[in-house]
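# Coordinate inspection notes
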Amino acid sequence: MHREQEAVSVPSDEAAFIEKGTSGYRATMLALFLGAFSTFALLYCVQPMMPRFSSAFGITATEGSLVLSVATASLAVGLLITGALSDAIGRKGIMVTALFGASACTLAAALMPNWPLVLVMRALAGLSLSGLCAVAMTYLSEEIAPRFVGVSMGLYIGGSAIGGMGGRLISGVLVDWLHWRWVLAIMGGLCLITALLFTRLLPPSKHFEPRPFSLQSLFSASRMHLRDAGLPWLFLEGFLLMGSFVTLFNYIAYRLLGPPYHFSQAVVGVMSIVYLSGIYSSAWAGALADRLGRPRVFWVFIVVMMTGLAITLLTPSWAILVGMLVFTFGFFAAHSVASGWVGQRAHQARGQASSLYLFSYYLGSSSAGTLGGVFWHWQGWPGVAVFIGVLLSIALAAALKLKGVSGDGSS
């Protein structure tokens, strides 16, 4: 990774922001869309294959969930470093390295002879992906004209929704026809191609101002953000929202593959089309928050998630699909608002602020996503729903607390 040349040659106060409607904006958003797609396709392509891993290696549903949890856990740890590292050496180089590294680790995972080594490769892939996750939102906050940050953040998160859907959909369908090793190899190869496109399309930073990297500055920036009146609550929201979302999708496949449904793996994979609602809601919610203010709309989307969860408790398969659709709509809307809110509140060390939010976000994924397996083995889907309901109730209480925080990021 090299220091970005424009950080020295173009002073930030002279460089123009990227305006919506320009060719630069289109190239930027396409590149970040591809980056988000690759990140979340690689991260979540294993989720519909968890029952296959359970059968192939003779492991439980809780142990099978580790194939996702170890990746999100290592990603969370990496975020604590890569955000601050990007503040020192630049944005684009770290993101490019992240995509190529994660693609290579995914290809390597397809070759591993046993379950522990598959998990090692998954952990390394997650660690690599932290480089893009930590930096992409900061890049947008710095380079896009401020009045378009909300909608641009929504478009980026929409790319993550398509990636999450595409990864689950492609792997869920292919694993009915191909060995899981071939499916992982295909996903790694596809994302290697998108990494090449990302490198070519993304404009270099014009507003990046390097900050010397040191552990002392890392800890001081973290302390500053944790003392803020609103940021710690947003970090908590990331933990709770992502923990709820991953738990639902981790165990809904086990429910639908078993009685009374007995769906095929391909049908369960196709149900990932519910992500289409998140693709729409993320951009729509970002624009709505820019117009009405984040505190006014954020809590509503958590209530939407709770409504979707309640619908999944019904027995008909069509009702489960509707519940998943509503839940996904609410999740991506809430995440879009919360992530944009972090960038607006953090006036210094934004890369570290984004990293702390995403650290909490993926820590929720790894811990709650695995803990949900305990509730699955306890009471099946009703047990999982109780667990998710508790997480969302806490998230709603925190959202109402945020309504009273000054400097709320309203437009």
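Up top you'll find the structure we're talking about.
Described below are features of the structure shown in this document.

Quick notes on the rules
- Residues numbered from 1 in each chain as written.
- Predicted model: local features only at pLDDT ≥ 70, side-chain atom pairs only at ≥ 80, totals over all residues.
- Heavy atoms only, no water.
- Disulfide = S-S within 2.5 Å.
- Buried < 20%, exposed > 50% of the residue type's maximum accessible area, 1.4 Å probe, protein only.
- Salt bridge = Lys/Arg side-chain N within 4 Å of Asp/Glu carboxyl O.
- Helix = DSSP H or I, 4+ residues; strand = E, 2+ residues; numbered from the N terminus.
- Phe/Tyr/Trp six-rings, centres within 6.5 Å; stacked < 30°, edge-to-face > 60°.

## So, the state of the cysteines
The tally for this structure, following the rule as stated, stands at zero disulfides. This cysteine, Cys-45, is not joined by any disulfide, and Cys-191 carries the nearest cysteine sulfur, 7.6 Å off. Just so you know, Cys-133 is unpaired, no disulfide at all, and the nearest cysteine sulfur is the one on Cys-191, 12 Å from it. A relative accessible area of 1% means that Cys-133 is categorised as buried.

## Observations regarding the pattern of salt bridges
Applying the stated criterion across every chain, the model contains three salt bridges. Note that Arg-91 and Glu-142 form a salt bridge whose closest N and O atoms lie 2.5 Å from each other. Of this pair, Arg-91 sits in the loop between α5 (66–89) and α6 (92–109) while Glu-142 sits in helix α7 (residues 115–143), and the two are 51 residues apart along the sequence. Neither residue differs from the other here; Arg-91 and Glu-142 are each classed as buried. Here Asp-228 and Arg-345 are joined by a salt bridge, their closest N and O atoms 2.8 Å apart. On the criterion of sequence distance, the pair formed by Asp-228 in the loop between α10 (215–226) and α11 (231–257) and Arg-345 in helix α15 (residues 317–345) is long-range, its members being 117 residues apart. Judged by relative accessible area, Arg-345 falls into the buried class, the value being 11%.

## Points about the packing of aromatic side chains
Under the counting rule described, the total for this entry stands at 26 aromatic pairs. The interplanar angle of 80° and the centroid separation of 5.5 Å between the aromatic rings of Phe-245 and Phe-332 together place this pair among those described as edge-to-face. Of this pair, Phe-245 sits in helix α11 while Phe-332 sits in helix α15, and the two are 87 residues apart along the sequence. Across the pair, exposure class does not vary: Phe-245 and Phe-332 are buried alike. Site record: aromatic cluster; members linked through ring pairs are Phe-245, Phe-249, Tyr-275, Phe-327, Phe-331, Phe-332, Tyr-357, Tyr-361 and Tyr-362.

Note that all results are geometric; they support no functional claim without further evidence.
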